[in-house]
Amino acid sequence: MTELSVNVDHVATLRQARGGTEPDPIEAAKLALDAGASGITVHLREDRRHVQDEDVTRLRTLRRGVMNLEMALTDEMLGIALRVKPERATLVPEKRQELTTEGGLDLKRHGARVRDDCARLEEAGIAVSLFLDPDPETIQTAAGTGATIVEIHTGAYANVGRTSAAKRELQRIRAAALELERLGIQPHAGHGLSVENVGPLLEIYPFAELAIGHSIISRAILVGMKQAVREMLDALKSR
């Protein structure tokens, strides 16, 4: 059974659009966990456009499921992770202008920093994941970082819909997952996934975990958080 980590960033996005305290991403996290999610993902961005420091602290106090903190390669974020001590930290690239994370980490450019952060996080008892594109050279480079998990960026697959290009992207993802498996790194996947496209993804590789946010939160506006999470879990189970 593929486990589901629900990203609640966009609950915070809606809150920040108006200010105040509603909707509360931590209450959304509780509902997702109640519905069967195995963990919660939050991305504390440098510009604090959605999730806030207090959200991270409050989420940690739940002590339910796997808390996955997505974080940029900065001293500030490393310090927060070492203080909060989530079960997992996922190192991601970050640009101020982007609407959402646009691609995976550049290990050629940031390899030394990634290795250093991985070592410090692992020493603190925090499992480390890297958010990487399904690029063969990048995937092979992951072996030298010390990370035990790689979340394969599925955005390119999600963006092309049900076309011939989707089949090519799925093969790239499958090859990356198999190479990670060979290297002794657990493959996860995420970005742009929905009830409609998780099936083909899981047909090409049985990922242990998928991280999904936007499509679940969008559906939750119409049917409620628990129902949206259950629908996604049903889609995972059907494969």
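Calculation notes
- Residues numbered from 1 in each chain as written.
- Predicted model: local features only at pLDDT ≥ 70, side-chain atom pairs only at ≥ 80, totals over all residues.
- Heavy atoms only, no water.
- UniProt positions renumbered as here; feature names shortened; annotations may be inferred.
- Helix = DSSP H or I, 4+ residues; strand = E, 2+ residues; numbered from the N terminus.
- Patch = residues over 30% accessible without salt bridge, like charges linked within 9 Å, V, L, I, M, F, W, Y side chains within 5 Å.
- Areas by Shrake-Rupley, 256 points an atom, 1.4 Å probe, with all protein chains shown as cover.
- Salt bridge = Lys/Arg side-chain N within 4 Å of Asp/Glu carboxyl O.
- Buried < 20%, exposed > 50% of the residue type's maximum accessible area, 1.4 Å probe, protein only.
- Pairing = 2+ DSSP bridges.
- Right-handed = clockwise from strand over helix to strand, strands pointing away.
- Contact = heavy atoms within 4.5 Å.
- Polar contact = N/O pair within 3.5 Å; in protein donor to acceptor, adjacent residues only side chain to side chain.

As annotated in an unreviewed UniProt entry, the protein chain carries the name Pyridoxine 5'-phosphate synthase and comes from Eiseniibacteriota bacterium. Entered under Catalytic activity (unreviewed entry) in the UniProt record, the comment concerning the protein chain runs "3-amino-2-oxopropyl phosphate + 1-deoxy-D-xylulose 5-phosphate = pyridoxine 5'-phosphate + phosphate + 2 H2O + H(+)". UniProt lists a comment for the protein chain under the heading Subcellular location (unreviewed entry), and it reads "Cytoplasm".

A.B. asks: Explanation requested: the UniProt feature "active site" (unreviewed entry) in the protein chain in the structure shown.
C.D. replies: Here, the residues flagged by UniProt with the feature "active site" (unreviewed entry) are H43, E70 and H191. Across 149 residues in sequence, these annotated residues keep their C-alpha atoms within 12.7 Å of one another, forming a single compact spot. Position of H43 among the secondary structure elements: in strand β2 (residues 39-43). Topologically, E70 is positioned in strand β3 (residues 66-71).

A.B. asks: Would you take a moment to explain a nonpolar patch on the surface for this structure?
C.D. replies: A surface patch of nonpolar side chains, about 310 Å² in accessible area, is lined by I221, L222 and V223. Relative to the helices and strands, L222 is located in helix α10 (residues 214-223).

A.B. asks: Just to check I follow, could you spell out the pairing of strand β8 (residues 209-212) for this structure?
C.D. replies: Residues in a regular strand point their side chains to alternate faces of the sheet. Burial along β8 is two-sided: E209 and A211 and L210 and I212, pointing in opposite directions, are all buried. Where strand β1 (residues 3-7) lies against β8, four bridges are found, and the strand directions are parallel. Within β8, the residue paired with S5 across the bridge is A211. Relative to β8, strand β7 (residues 186-190) runs parallel, the two being bridged by two bridges. Pairing of A189 across the sheet is with L210, part of β8. A crossover links β7 with its parallel partner β8, the connecting element being helix α9 (residues 198-204), and its sense is right-handed.

A.B. asks: So what exactly am I meant to see when it comes to the pattern of salt bridges here?
C.D. replies: Between side chains of opposite charge, a pair can form as their charged atoms come close. Evaluated as defined, the whole model comprises 15 salt bridges. For the salt bridge of D34 with R64, the shortest nitrogen-to-oxygen distance reads 2.9 Å. In this pair, D34 sits in helix α2 (residues 25-34) while R64 sits in the loop between α3 (53-62) and β3, placing the two residues 30 residues apart along the sequence. Judged by relative accessible area, R64 falls into the partly exposed class, the value being 36%. Salt-bridge contacts for D117 lead to R113; the nearest nitrogen and oxygen are separated by 2.8 Å.

A.B. asks: Teacher, can you tell me more about the environment of R113 here?
C.D. replies: Along the polypeptide, R113 turns up in helix α5 (residues 107-123). Exposure remark for R113: the relative accessible area of 25% places this residue in the partly exposed category. Along the primary structure R113 and T74 are separated by 39 residues, whereas in three dimensions their C-alpha atoms are 9.0 Å apart. Excluding residues that lie within four positions of it along the chain, R113 makes contacts with L73, T74, D75 and L78. Polar side-chain contacts of R113 include one of 3.3 Å to the backbone oxygen of T74.

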